[in-house]
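Each chain, letter by letter, is given below.
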Amino acid sequence: MVLVGAVRDYLNRMLNDIPGMKVLILDAQTVGIVSVAMSQSELLQKEVFLVEKVDAQAKEAMGHLKAVTFLRPTVENIQHLKRHLNSARFGEYHLFFSNIIKKSYIQILADSDEHDLVQQVQEFYADYFAIDPFHFTLDLHANHVSMLPTVVDPHNSQLACDRMLDAIAAVFLSLKKRPVIRYERSSEIARRVAQDAARLMYEQEPGLFDFRRTEVAPLLLVVDRRDDPVTPLLNQWTYQAMVHELLGIQDNRVDLTKLPKVPKDLQEVVLSSQQDAFFKSNMYENFGDLGANIKKLVDEFQLKAKSNQNIQSLEDMVKFVENYPEYRKQHGNVSKHVTMMTELSRIVDERQLMAISQIEQELACNANQAVAFEAVLNLLNNEKSADIDRVRLVMLYALRFERESPQSVEQLISRLGAKTSKHKAGLVKTLLKQAGFDKRTGDLFGNRDLFIKALNMARGLKGVENVYTQHQPLLAQTIESIVRGRLRDIDYPFVGNHFQQGRPQDVVIFMVGGTTYEEARTVHLVNATQTGTRIFLGGTIVQNSASFLNDLEEMQRVQRVERGSFAASM
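This one's a predicted model, so the numbers in the text were calculated from it and none came from an experiment.

K.L.:
Whenever I open this one, the overall build of the chain confuses me. Can you help?
P.N.:
When helices and strands are counted, the chain shows 20 helices and 13 strands. Relative to its length of 570 residues, the chain is compact, with a C-alpha radius of gyration of 26 Å against a globular reference of 25 Å. In terms of its C-alpha atoms, the chain occupies a principal-axis envelope of roughly 75 × 75 × 55 Å. Burial status across the chain gives 52% buried among its 570 residues. Taking as baseline every contact in the chain between residues at least 6 positions apart, the subset at least 24 positions apart corresponds to 81%. Total accessible area on the chain stands at roughly 26700 Å², and carbon and sulfur atoms take up 51% of it. Where the 67 positive side-chain charges of the chain centre and where its 71 negative ones centre are 3 Å apart.

Right, here's the structure in full:
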């Protein structure tokens, strides 16, 4: 429960230390930060009887309630708080900020507190969405900006960098660590974020980050999504990753309202490893094993349901009433997972994803160009293929063979344009421009580094357990290099005069442009092997293929506008 536990600890300290009836006031970001860490029933147990957004229109005064605000320390939120303090709507105000607050903001609040309502002002460093114990995200708005050159959109690029810095700072403050910092050499924005983090931790706020030192300092490594554009393009076959790919997960919630025949009480479901024991034990299981485990869950529930029907005495009735809340909860949980499995199976069949996934895995893991070309061409010509699957396969082929067979790449792009649209075909070129061979640092296909080649050959000789999950994200190589002390300084330089000898106990890898649940699973598996190093993974968003393609479309649009502006100025 490391990151989730850190956020929960902050929330407990906020709410448990203030007795009486409370209103919790949040902003657009902290609503999500709280919701992934603590359920509504838990908030109610802490006497939180009302949750409001800080920018909501003022309603009637409720002097009997104590206001607990948990907000990001932004100019907008300070203005909203001024309005709250002027209206004196609640009896007390306890102000908590999710990150470092400027002294000038505190002065503004002090000047606005004419009724002496503010009881305390504190910084509780929970400025990130702790979706799993070792995985966090920012839910960054306009994520595509983080993958564009700074000069294209300087203002929004700066806002994105600032938000990334805030989250990274909060993670290390909540872990009580100060790291040495490295970044991916080929990424301008990764370098910028890494340098900003070093400036904050070592120059601007050295006292705040002055924690007890370990023999080997923790490591912050800032990398770029564009170094591995393959992983977010692949279909997924483990529970959490598959749900996100086919249905979408937002703040640990799945929206099923647009799907056919879903009961009303299951139109939004929560998938949280903290609140759902079945999900926790199955989130990384593959599709086949998951089906067997859900059947077992259903069988166990049916046995319990039969025992509840056998009420023959007053004692049986009392026992049933006592156990009824747990029974209801279990019924809801069984219905949730059966519904999810049903929907996943339906989509897999409709889109013929098992056949498509085999081609994807071959493209990602093997290198027979002629066979791959034939397979992708056949899928493009299949009238039942969905456009998103056509686009993804041509992209994977282009990334794999852009240097080996550029003519065949052009042929497939042309065919894709004929079967879908020129706009969608143009996305393949946008991808190559942003994340092609010349833009990448890592050995994405295992064909640059002799050590990686040897590892891949060994894995090939052993065989693979499952043809649908044979792909390993580039992140697996990066983590192995860190653990073995083989991460090359020339590719991942240090910021400042710091260096590292020995294996760090804690590593935070932050991915500009977003992580994936496949990469989160990789981190989970590494941490489960007890190597002596804890890996944390964070990023701007959690990507799936739809969001990644959407980012590419936005990048294409921005660059088209930029070219138009340049032409108009000539």
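K.L.:
Can you walk me through the packing of aromatic side chains in this structure?
P.N.:
Two aromatic rings, taken as a pair, are described by how far apart their centres are and by the angle between their planes. Taken as a whole and judged by the stated rule, the model has 11 aromatic pairs. Here the aromatic rings of F96 and F124 are separated by 5.1 Å at their centres, their planes lie at 35 degrees, and the arrangement is tilted. With F96 in strand 4 (residues 90-97) and F124 in the loop between strand 5 (118-123) and strand 6 (129-132), this pair connects stretches of sequence that are 28 residues apart. For F96, a relative accessible area of 1% gives the class buried. The structure contains a cluster of three or more aromatic residues connected by ring pairs, namely Y10, F96 and F124. Cation over ring: R13 sits above F124, and NZ or CZ is 4.6 Å from the ring centre. Between R403 and the ring centre of F437, over which it is positioned, the NZ or CZ distance is 3.9 Å.

K.L.:
I would appreciate a short explanation of the sheet that holds strand 3 (residues 62-71) in the present structure.
P.N.:
The strands making up a sheet associate through backbone hydrogen bonding, with each pair oriented either parallel or antiparallel. On the basis of which strands lie adjacent, the open sheet formed by 5 strands has the order 2-1-3-4-5 and parallel pairing. A single partner strand is all that each edge strand has here, and the edge strands are strand 2 (48-53) and strand 5. Adjacent strand axes in the sheet meet at a mean angle of 20 degrees, parallel and antiparallel pairs treated alike. Strand direction decides the pairing type here: strand 1 (residues 22-26) and strand 3, joined by 5 bridges, are parallel.

K.L.:
Could you clarify how one ought to interpret unusual backbone geometry in this entry?
P.N.:
Trans is the prevailing form of peptide bonds, just as negative phi is the prevailing case for residues other than glycine. Positive phi, close to 55 degrees, is recorded for D116, a residue that is not glycine. For D116, the location among the structural elements is in the loop between helix 5 (103-112) and strand 5. Residue D116 is classed as exposed on the basis of its relative accessible area of 61%. Phi is positive for D251, close to 55 degrees, though the residue is something other than glycine. Mapped onto the elements, D251 comes out in the loop between helix 8 (239-246) and strand 10 (253-255).

K.L.:
Sorry, what's going on with the pattern of salt bridges here?
P.N.:
Pairs can form between side chains of opposite charge whenever their charged atoms are close. Counted under the stated rule, the structure contains 29 salt bridges. R72 is the partner of D127 in a salt bridge, and the nearest nitrogen-oxygen pair spans 2.8 Å. One end of the pair, D127, is in the loop between strand 5 and strand 6; the other, R72, is in the loop between strand 3 and helix 4 (75-87), with 55 residues separating them in the sequence. Comparing D127 with R72, the two get one shared label, buried. One salt bridge in this structure joins K429 and E410, with 3.8 Å as the shortest N-O distance. Placement of K429 in helix 16 (residues 422-435) and of E410 in helix 15 (residues 406-419) is noted, with a sequence separation of 19 residues between them. Look at E410 and you get partly exposed, because its relative accessible area is 42%. What emerges from the salt-bridge pattern is a single network uniting R72, D127, R163 and D166.

How each quantity is defined
- Residues numbered from 1 in each chain as written.
- Predicted model: local features only at pLDDT ≥ 70, side-chain atom pairs only at ≥ 80, totals over all residues.
- Heavy atoms only, no water.
- Helix = DSSP H or I, 4+ residues; strand = E, 2+ residues; numbered from the N terminus.
- Rg over C-alpha atoms; globule rule 2.2 N^0.38 Å.
- Buried < 20%, exposed > 50% of the residue type's maximum accessible area, 1.4 Å probe, protein only.
- Contact = heavy atoms within 4.5 Å.
- Areas by Shrake-Rupley, 256 points an atom, 1.4 Å probe, with all protein chains shown as cover.
- Lys, Arg positive; Asp, Glu negative; His and termini not counted.
- Charge placed at Lys NZ, Arg CZ, Asp CG, Glu CD.
- Phe/Tyr/Trp six-rings, centres within 6.5 Å; stacked < 30°, edge-to-face > 60°.
- Lys NZ or Arg CZ within 6 Å of the ring centre and 35° of its normal.
- Pairing = 2+ DSSP bridges.
- Axes fitted to C-alpha atoms, helices over the stretch in contact; angles between N-to-C directions.
- Salt bridge = Lys/Arg side-chain N within 4 Å of Asp/Glu carboxyl O.

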